[in-house]
Amino acid sequence: MLAIDRLTKRFGDKTAVDAASFVTDKPTMIGIIGRSGAGKSTLLRMINRLADPTEGRITCNGEDVTHLSGARRRDWQSRCAMIFQQFNLVPRMDVVSNVLHGTLNRRSTLATMFNLYPQADIHTAIDILDRLGIAEQAPKRAEALSGGQQQRVAIARALMQDPDIILADEPIASLDPMNAQIVMEALRRIHDEDGRTVICNLHTLDTARRYCDRVIGMRDGRIVFDGTPAQLTTGVARDIYDAGADFSEAATSTEIETLNKAGAAIRVPA
Ligand SMILES: Nc1ncnc2c1ncn2[C@@H]1O[C@H](COP(=O)(O)OP(=O)(O)O)[C@@H](O)[C@H]1O
Ligand SMILES: [Mg+2]
């Protein structure tokens, strides 16, 4: 169980995340939505402990992970693997070595220096790539793959850590619609089949509705909605994206277009 309790991050005067709280008591696929600047990335980075919270608490299965340091922090970071919009692979390294990088945490410095991987880990890496439909890419350099394939390599690297939680920060924002679908389906399958919690920052409402069991909406650093996709009505969406009073049911297509540009794929009934 993951519990986020009044988590806050301030950068100088700017409150990027403002007392955000939520609890997951079973493996869930959660989508976090909100405009650019709403605090989505900062929230995920704090959960993964890439950023230190200014205030608040993160607990997992009763263990307080808010202030872990050193090896215990690295251990936590491998329990909640992170995936990024830009994949963060080593471009000139082959795919399987990129995936094996997911085991860095539990390998000695010497083994890392000499790129020595246990045979069993290599088999696991290939199995994971196979599961994601890209085993045949294993010997290629990461940079030779398409964006969608590279994101699946990044997911494979995350799975190599056997994490309880996968945190994905806009994992499909750089992908075309077809690859976006493949990557979202892969994340959904990892949730369904492995029972891992997936928390995914998404810039379109439609994607969150389609793939997630639960949607959290953020605005100006605060959680302003937390519910099921069915509860995410047009009115609620408008509130999350702060569309204001001008954005009525009879919104013009120009207004919808403006909203879409702001990161929301909101469909308003005609
Ligand atoms: N390292 C930082 N230093 C200063 N301000 C930051 C930093 N990271 C994020 N912010 C600010 O915090 C707010 C939330 O940013 P972010 O979490 O990236 O939002 P989102 O991911 O929803 O677009 C923004 O106003 C952003 O400019
Ligand atoms: Mg972001």
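Here the structure is shown first, and the text comes after it.
Read on for an overview of the structure. (Residues numbered from 1 in each chain as written. Chains lettered and ligands numbered in written order. Predicted model: local features only at pLDDT ≥ 70, side-chain atom pairs only at ≥ 80, totals over all residues. Heavy atoms only, no water.)

Let's talk about the site of ligand 1
- Close contacts around ligand 1 come from Phe-11, Lys-14, Ala-16, Arg-35, Ser-36, Gly-37, Ala-38, Gly-39, Lys-40, Ser-41 and Thr-42, and that covers them all.
- For ligand 1, an oxygen atom lies 3.1 Å from a polar atom in the backbone of Ala-38.
- Taking Thr-42, its side chain carries an N or O atom lying 2.5 Å from an oxygen atom of ligand 1.
- Out of a free accessible area of 570 Å², ligand 1 has 59% covered by protein chains.
- Looking at the shell around ligand 1, the elements that each hand over two or more residues are strand 2 (14–24) and helix 1 (40–47).
- It is helix 1 that provides the largest number of residues to the shell around ligand 1, a total of three residues. (Near = heavy atom within 4 Å. Polar contact = N/O pair within 3.5 Å; in protein donor to acceptor, adjacent residues only side chain to side chain. Areas by Shrake-Rupley, 256 points an atom, 1.4 Å probe, with all protein chains shown as cover. Helix = DSSP H or I, 4+ residues; strand = E, 2+ residues; numbered from the N terminus.)

Considering the packing of helix 6 (residues 147–160) against helix 7 (residues 177–194)
- Interhelical geometry of helix 6 versus helix 7 gives an angle of 20° and a closest axis separation of 9 Å. Between helix 6 and helix 7, the angle falls in the class roughly parallel. The way helix 6 lies across helix 7 gives a crossing that is right-handed. Contact with helix 6, carried on its side by Gly-148, Gln-151, Arg-152, Ile-155 and Leu-159, involves Asn-179, Ile-182, Val-183, Ala-186, Leu-187, Ile-190 and Asp-194 of helix 7 and no other residues of that element.
- Residue classes in the contact of helix 6 with helix 7 are distributed as seven nonpolar, three polar and two charged. (Axes fitted to C-alpha atoms, helices over the stretch in contact; angles between N-to-C directions. Parallel < 35°, antiparallel > 145°, perpendicular 65-115°, else oblique. Left-handed = near helix turned anticlockwise from the far one by under 90°. Contact = heavy atoms within 4.5 Å. Nonpolar A, V, L, I, M, F, W, Y, C, P; charged D, E, K, R; others polar.)

Section: the pattern of salt bridges
- Evaluation of the coordinates by the stated rule reveals 16 salt bridges.
- Measuring nitrogen to oxygen at the nearest pair gives 3.0 Å for the salt bridge that ties Arg-222 to Asp-18. Residue Arg-222 is located in strand 10 (residues 222–227), and its partner Asp-18 is located in strand 2; the two are separated by 204 residues in the primary sequence.
- When its relative accessible area of 26% is taken as the criterion, Asp-18 is described as partly exposed.
- Its salt-bridge partner being Arg-131, residue Glu-193 comes within 3.1 Å of it at the nearest N-O pair. Highlighted residues: Glu-193 in helix 7 and Arg-131 in helix 5 (residues 119–131), separated in sequence by 62 residues.
- The class for Arg-131 is partly exposed, based on a relative accessible area of 29%.
- Within this structure, Arg-131, Asp-162, Glu-193, Asp-194 and Arg-196 form a network of salt bridges that share partners. (Salt bridge = Lys/Arg side-chain N within 4 Å of Asp/Glu carboxyl O. Buried < 20%, exposed > 50% of the residue type's maximum accessible area, 1.4 Å probe, protein only.)

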